[in-house]
Amino acid sequence: MSSLFLFSALFSIAGLLVEGSVHEYKGEKFVGRGNALVVHGGSEGIYFSRPSSNKVTFRRPEDLHNFTSGLVQAIIFEVEDRELIGGSAYGGQRAICCTPDLAKLDACTQGEIIHRPSTTNPGFPYVLTTSFSLDKDMAILPSRSIEITKTGMYNLYFMICDPNLKDVVVEEGKTIWKNPTGYLPGRMAPLMNFYAFMSIAFVILGIFWFSQYARFWKEVFPLQNCITLVITLGMFEMALWYFDYAEFNETGVRPTGTTVWAVTFGTVKRTVARLVILIVSMGYGVVRPTLGGLTSKVLMLGGTFFLTSEVLELVENVGAVSDISGKAILFLVLPVALLDAFFILWVFKSLSATLNKLQARRMMVKLDIYRKFTNALAVAVVVSVGWICYELYFKSRDVYNEHWQNAWVIPAFWQFLSFSLLCVICALWAPSQNSMRYSYSDDTNEEFDKDESSLRLIKPASYPTKDGLHAPESRPVTNSNGATDVDTGEEKTA
């Protein structure tokens, strides 16, 4: 398939009905990498489109005005051609910029990027060049439209091989990357359709739940109100994510406000969902009216999870336009993972205690529903662990994002799994005319077996008889009809 890059402000790739994004540069500093100075311009999965144009400018320090300098180059290459960038002389250390030894071998031109043409992707790697003229502190890389004929993950780097230009910055500019259906990067494009699907799924679940809620509102108990909140938050989250990607796809610029709201609603939903699962596991509203002294601990855990998860999601999503995953650093990911593990341990410990209590009290209806809930949670945890292992395997084998076309499945799976678990919870605790039988009752004998509650022996004080012996104790016996029969221990004679 053919594709194109529109590099605005440095070079551009624009087109009709296309999909990509706008990468803006302002004051970007070059950093050392090997024997080159580098600025990463972006990475995206590209399909095809038609070209347009623009430019990018570079500025050097004033003390270098009176000198001519080496080149500033931009190189575009498909990730599978990465080995065609750089080289070494006589098997020595690999270099990005041409060294004197390589120049002597006529392998490259000294002071330029080493690159060899691709045999599978004609015209690539693609190199654009500019330089600083005498008495000029600005260098302009003119706009250029580049047509891509092979679908793949393309990378753009600005590079300098002259060490005297280490203080050069990308003054301003932008690059526009486009595909057939809009400005969305190739890896993110399927997520827009996925969130549209999830929005519809939440609407269907909401119609079912709210219709039941309206029909049996007199039978609703607190746990069902919590589930209603989770469904509402989920509907807003899915809609906001869809609008975030739709606006990004339309304009090429990630809408910060919409992204922040989508992240926040998602974080609140995940926090509330975890707290609901935890308090249900503790028996709140079912076998106990309150959490007692645990309330503060539960709220503290929920608040901590919200803060750490919110920061992580904001770093991962706000302003993200490149197709490079895993931007968050370890110290942001680790607290969220540890808190999730703590949630799971606390949930199953509480479930064990609640199941034992229900079994001891012979509350068979509630015991049955809690067993189903436990089984659903166990399946979700096992599937989650399996998916985490797959995700680690996938990312370890995809260091250079070569499998970008399938990468959207990883975040989509977690949304689908949480939605599936929510559907199970809704099915177990849906409002109905019998809802109150699942809620907490002050009757301590609730659901006891008749064998346990029908016979209750009461021992009265004994009294002396004429012969000095104590009469047999009377034992009031409560029969199944609630009447009391008293056995005096005396024989009845005619």
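Remember, predicted model here, so these are calculated numbers, not experimental data.

Asker: Account for the packing of aromatic side chains, naming residues and giving values.
Answerer: Within the structure shown, the criterion is met by 21 aromatic pairs. Ring centres of Y390 and F394 lie 6.1 Å apart, and the angle between their planes is 40 degrees; this geometry places the pair in the tilted category. Here Y390 pairs with F394, and both are found in helix α7 (residues 364-397), just 4 residues apart, close to one helical turn. Assessed through its relative accessible area of 37%, Y390 is described here as partly exposed. Ring pairing ties together the aromatic residues F194, Y195, W241, Y245 and W408, which thus form one cluster. R254 extends its terminal NZ or CZ atom over the ring of Y245, reaching a point 5.3 Å from the ring centre.

Asker: Which residues make up helix α8 (residues 409-428), and what are the values?
Answerer: Given 3.6 residues to a turn, an α-helix orients residues that are three or four positions apart in the same direction. Given a rise of 1.5 Å per residue, 20 residues ought to cover 28 Å, and the 28 Å separating the end C-alpha atoms of α8 matches this to within 8%. Turning to α8, its buried residues are I410, A412, F413, Q415, L417, F419, L421, L422, I425, C426 and L428. Packed against the buried residues of α8 are α2 (189-215), α3 (222-251), α4 (256-281) and α7.

Asker: Account for the packing of α3 against α4, with residues named and values stated.
Answerer: For any two helices packed against each other, the geometry is given by the interaxial angle and the distance between the axes. At a minimum axis separation of 8 Å, α3 and α4 run at an interaxial angle of 155 degrees. It follows from the interaxial angle that α3 and α4 lie roughly antiparallel. When you trace α3 past α4, the crossing you get is left-handed. Taken together, the residues of the contact of α3 with α4 break down into 19 nonpolar, 4 polar and 5 charged.

Asker: So what's going on with the pairing of strand β9 (residues 138-141)? Which residues, and what values?
Answerer: By the alternation rule, side chains of β9 split into A139 and L141, which are all buried, and M138 and I140, of which none is buried. Here strand β6 (residues 56-59) runs beside β9; their pairing, made up of 4 bridges, is antiparallel. Bridging across to β9, T57 finds its partner in I140.

Asker: Would you mind going over a nonpolar patch on the surface in detail, with residue names and values included?
Answerer: A cluster of nonpolar side chains, L330, L334 and L338, forms an exposed patch at the surface whose accessible area comes to about 320 Å². Tracing the backbone shows L334 in helix α6 (residues 330-360).

Rules used in this analysis
Position labels on residues start from 1 in each chain and follow its written sequence. Note on the predicted model: pLDDT of at least 70 is required for a residue's local features to be given, and 80 or more for side-chain atom pairs to be given and counted; whole-chain, interface and lining totals, by contrast, use all residues. As a rule here, side-chain values cover all heavy atoms of the structure and leave hydrogens and water aside. Only rings of Phe, Tyr and Trp enter the pairing, Trp through its six-membered ring, and a pair is recorded when the two centres are within 6.5 Å. The plane angle decides the type: under 30 degrees is stacked, over 60 is edge-to-face, the rest tilted. Counting from the N terminus, the helices are DSSP H or I runs at least four residues long and the strands are E runs at least two residues long. Relative accessible area decides the class of each residue, using a 1.4 Å probe on protein chains only: under 20% of the type maximum gives buried, over 50% gives exposed, and in between gives partly exposed. Ring-over charges, as used throughout, are those where CZ of Arg or NZ of Lys falls within 6 Å of the ring centre and within 35 degrees of the ring normal. The span you would expect from a helix comes to 1.5 Å times its residue count less one. Contact criterion: two residues are considered in contact whenever any of their non-hydrogen atoms come within 4.5 Å of each other. To define axes, lines are fitted to C-alpha atoms, for helices over the stretch in contact only, and angles between the resulting N-to-C directions are given on a 0 to 180 degree scale. Relative orientations are named as follows: roughly parallel for angles under 35 degrees, roughly antiparallel for angles over 145 degrees, roughly perpendicular for angles from 65 to 115 degrees, and oblique for any other angle. Here a crossing is taken to be left-handed if its near helix is turned anticlockwise relative to the far helix by less than a right angle, and right-handed if that turn runs clockwise. Gly counts as polar in this scheme, as do all residues outside two lists: the nonpolar Ala, Val, Leu, Ile, Met, Phe, Trp, Tyr, Cys and Pro, and the charged Asp, Glu, Lys and Arg. The criterion for strand pairing is that DSSP finds at least two bridges linking the strands in question. Only residues whose relative accessible area exceeds 30% and that take part in no salt bridge are eligible for patches, with like-charged residues grouped when within 9 Å of each other and nonpolar side chains (Val, Leu, Ile, Met, Phe, Trp, Tyr) grouped when within 5 Å. All accessible areas in this document rest on Shrake-Rupley with a 1.4 Å probe, and a residue is counted as covered only by the protein chains that are shown. Each reported salt bridge corresponds to a side-chain nitrogen of Lys or Arg within 4 Å of a carboxyl oxygen of Asp or Glu.

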